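# Residue-level structure breakdown
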Amino acid sequence: MVKRNIGAITLVVKNYDEAIHYYVAKLNFKLIEDTKLSDKKRWVTIAPENNSETTILLAEAATPEQEKSIGNQTGGRVFLFLHTDNFWRDYSDMKSKGVSFLEEPRKEVYGTVVVFEDLYGNKWDLIQHKS
């Protein structure tokens, strides 16, 4: 049996330290690794608490072309989907920490969802799927 999974997704950021601070302090992610590779490059991975497989690789933009994609890696569409087991707990916590929500929470056939944006303007869904 072949087992495959997505190990990491790259998120282009302006600055390693400000990105780490945002995701850890505001979204309650954990810092998995922060390894210096050179004077300008680090291997920085983060993940939501209790995530066992997929991480986000924070990659500081190194070229003008990469800088253009900061905050708009998907052309304005929702980029990442943060699943939760308690929507109202996480929504209230994130809101109290100043996370920018683009709408009011709504009920959909698949569960409760709200769109928010990170410090760079990337759109995310916070979702609690129906059981």
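In case you missed it, the structure is sitting above this.
What you see is a predicted model, and the numbers here were worked out from it, not measured in a lab.

### Topic: the overall build of the protein chain
When its secondary structure is counted, the protein chain shows three helices and nine strands. When the helices and strands of the protein chain are listed from N to C terminus, the series reads β-α-β-β-β-α-β-α-β-β-β-β. At 15 Å, the protein chain has a C-alpha radius of gyration in line with the 14 Å of a compact globule built from 131 residues. With respect to the three principal axes, the spread of C-alpha positions in the protein chain is 45 × 40 × 25 Å. When burial is assessed residue by residue, the protein chain has 35% of its 131 residues classed as buried. Taking the intrachain contacts of the protein chain between residues at least 6 apart in sequence as the baseline, contacts between residues at least 24 apart amount to 51%. Surface summary for the protein chain: the accessible area is close to 8,200 Å², and the carbon and sulfur share equals 50%.

### A short note on the nonpolar core
Residues Tyr23, Leu58 and Phe116 are the most contacted members of the largest nonpolar core, which totals 29 residues. Secondary-structure elements contributing two or more residues to this core are strand E1 (8-13), helix H1 (16-25), strand E3 (42-48), strand E4 (55-60), strand E5 (78-83), helix H3 (87-96), strand E8 (111-117) and strand E9 (123-129). Counting residues per element, this core draws most heavily on H1, at five residues. When residues no more than four places from it in sequence are discounted, the contact partners of Leu58 are Leu11, Val13, Tyr16, Ala19, Ile20, Tyr23, Val44 and Ile46.

### Here's the deal with the side chain of Thr45
Relative to the helices and strands, Thr45 resides in strand E3. Overall, the relative accessible area of 5% leaves Thr45 in the buried class. Among all residues touching Thr45, those that are not within four sequence positions of it are Lys30, Leu31, Ile32, Glu33, Thr55, Ile56 and Leu57.

### A word on the pattern of salt bridges
In total, this model carries 10 salt bridges according to the counting rule given. Taking the shortest distance from any N to any O, the salt bridge between Asp17 and Arg42 comes out at 3.0 Å. Of this pair, Asp17 sits in helix H1 while Arg42 sits in strand E3, placing them 25 residues apart in sequence. Of the residues examined, Asp17 reaches a relative accessible area of 46% and is grouped as partly exposed. Notably, a salt bridge pairs Lys68 with Glu65, separated by 3.7 Å at the nearest N-O pair. Pair noted here: Lys68 and Glu65 are both in helix H2 (residues 64-69), with a separation of three residues, about one helical turn.

### Focus: H3
Listed as buried for H3 are Phe87, Asp90, Tyr91 and Met94. Angularly, the buried residues of H3 cover 100° about the axis, an arc narrow enough to put them on a single face. Tucked inside the fold, the buried residues of H3 contact strand E6 (100-101), E8 and E9. Directly beyond the C-terminal end of H3, a positive phi value near 90° is found at Gly98.

### So, unusual backbone geometry
Located in the positive-phi region is Asn28, a residue other than glycine, with phi close to 60°. Relative to the elements of secondary structure, Asn28 occurs in the loop between H1 and strand E2 (29-36). Judged by its relative accessible area of 32%, Asn28 is partly exposed.

Analysis parameters
- Residues numbered from 1 in each chain as written.
- Predicted model: local features only at pLDDT ≥ 70, side-chain atom pairs only at ≥ 80, totals over all residues.
- Heavy atoms only, no water.
- Helix = DSSP H or I, 4+ residues; strand = E, 2+ residues; numbered from the N terminus.
- Rg over C-alpha atoms; globule rule 2.2 N^0.38 Å.
- Buried < 20%, exposed > 50% of the residue type's maximum accessible area, 1.4 Å probe, protein only.
- Contact = heavy atoms within 4.5 Å.
- Areas by Shrake-Rupley, 256 points an atom, 1.4 Å probe, with all protein chains shown as cover.
- Core = buried A, V, L, I, M, F, W, Y, C linked by side-chain atoms within 4.5 Å.
- Salt bridge = Lys/Arg side-chain N within 4 Å of Asp/Glu carboxyl O.
- Arc of directions from axis to C-beta.

Treat this as a map of the structure, not an account of what it does.
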